[in-house]
Amino acid sequence: MTQEHRKSEADTDPIAIRVRGIKTQFGAQVIHDGVDLDVNRGEVIGIVGGSGTGKSVLLREIVGLQRPSGGTIELLGTDVWGAGLEARNQLRTRIGVLFQDGALFSSLTVAENIQVPMREHLNMSQALMDELAALKIKMVGLAPEAGGKLPSQLSGGMRKRAGLARALALDPDVVFLDEPTAGLDPIGAAAFDELIRSLQGSLGLTVFMVTHDLDSLAAICDRIAALVDKKVMVGTMEQLMKADHPWLQEYFHGPRARAVSGMAAE
């Protein structure tokens, strides 16, 4: 299924994701209180915030895995929590999600993992699914023989690439990444960042990336959304580095941020 076959009036909207007035509450604990966020088509946006600010929770709310306590979310022109079952199922064919550490099915090979969304949403022969899985494996920089391996036989970096291949299985318009470089060494993390930016450019993806990695923010993100005080502040890295909020000051100007600060200033 090509992107051309899925065009609609909603696809002329320059905004891929609209979040309005999102409230997230667990018992007496309020995580989000009035979060508003627009994500432009074709951009890479990084989501940052301190522990407990609900970065991954927001991602799950947007992709339809967790219902917020209040507010609305529109993804590719579809009201995520107001649409009917058929519209939501169609929406799932247009997004891909890479969870932490790949979240692959341990009993399936890499190729079989990539084919899971194909089996769920498409009607095609095994031979065609095998061909497409091999293509996705190549796209993310894995060797062809990786397709026949189980997740336990892969390194952490390879599992993330395999998880990304599964996220790309249905040629999505939007890809959601949850801490994609967590646990990788600096060289592996930099290589994964380069892969994301390359795929975004060649496929025209919109990328929503939850991360704590300053290097990733500097290397590939067009804008950054910082969850602070139960709301969100959005801007370029340069803009947020100049903000006077205490958490942003600590995050962008602490000891680990000095090298990145120099990069952003160049």
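Remember, predicted model here, so these are calculated numbers, not experimental data.

Enquirer: How should the environment of A243 be read in this particular structure?
Expert: Counting through the fold element by element, A243 comes out in the loop between α8 (237–241) and α9 (246–253). A243 sits ten residues away from M233 along the chain, and the two C-alpha atoms are 9.5 Å apart. Apart from residues no more than four positions distant in its own chain, A243 is found in contact with M233, L248 and Q249.

Enquirer: Quick question: what am I supposed to make of the sheet that holds strand β9 (residues 223–228) here?
Expert: Strand pairing within a sheet occurs via backbone hydrogen bonds; the two strands may be parallel or antiparallel. Pairing is mixed across the open sheet formed by six strands, whose spatial order is β6-β7-β8-β3-β9-β10. What marks the edges here is a single partner per strand, and that holds for β6 (95–98) and β10 (231–235). Each strand axis lies, on average, 15° off the axis of its neighbour in the sheet, ignoring direction. Where β9 meets β10, five bridges bridge the pair, whose relative direction is antiparallel. Within the sheet, the bridge partner assigned to L227 lies in β10 and is V232.

Enquirer: Any chance you could explain the packing of aromatic side chains here in plain terms?
Expert: Note on aromatic pairs: each is described by the distance of the centres and the angle between the planes. Taken as a whole and judged by the stated rule, the model has three aromatic pairs. Relative to Y251, the ring of W247 lies with its centre 4.7 Å away and its plane at 15°, an arrangement referred to as stacked. In this pair, W247 and Y251 are both assigned in helix α9, four residues apart and thus about one turn of the helix distant. Feature note: the residues W247, Y251 and F252 constitute an aromatic cluster, connected by ring pairs.

Enquirer: Is there a simple way to think about the packing of helix α5 (residues 156–167) against helix α6 (residues 186–203) in this case?
Expert: For any two helices packed against each other, the geometry is given by the interaxial angle and the distance between the axes. Remark: α5 packs on α6, axes separated minimally by 11 Å, with the N-to-C direction vectors making an angle of 15°. In terms of their interaxial angle, α5 and α6 are classed as roughly parallel. Here α5 runs over α6; the crossing is right-handed. Between α5, through K160, R161 and L164, and α6, the contact on the second element is made entirely by A191, F192, L195, I196 and L199. Class assignment of the residues belonging to the contact of α5 with α6 gives a composition of six nonpolar, no polar and two charged.

Conventions adopted
Residues numbered from 1 in each chain as written. Predicted model: local features only at pLDDT ≥ 70, side-chain atom pairs only at ≥ 80, totals over all residues. Heavy atoms only, no water. Helix = DSSP H or I, 4+ residues; strand = E, 2+ residues; numbered from the N terminus. Contact = heavy atoms within 4.5 Å. Pairing = 2+ DSSP bridges. Axes fitted to C-alpha atoms, helices over the stretch in contact; angles between N-to-C directions. Phe/Tyr/Trp six-rings, centres within 6.5 Å; stacked < 30°, edge-to-face > 60°. Parallel < 35°, antiparallel > 145°, perpendicular 65-115°, else oblique. Left-handed = near helix turned anticlockwise from the far one by under 90°. Nonpolar A, V, L, I, M, F, W, Y, C, P; charged D, E, K, R; others polar.

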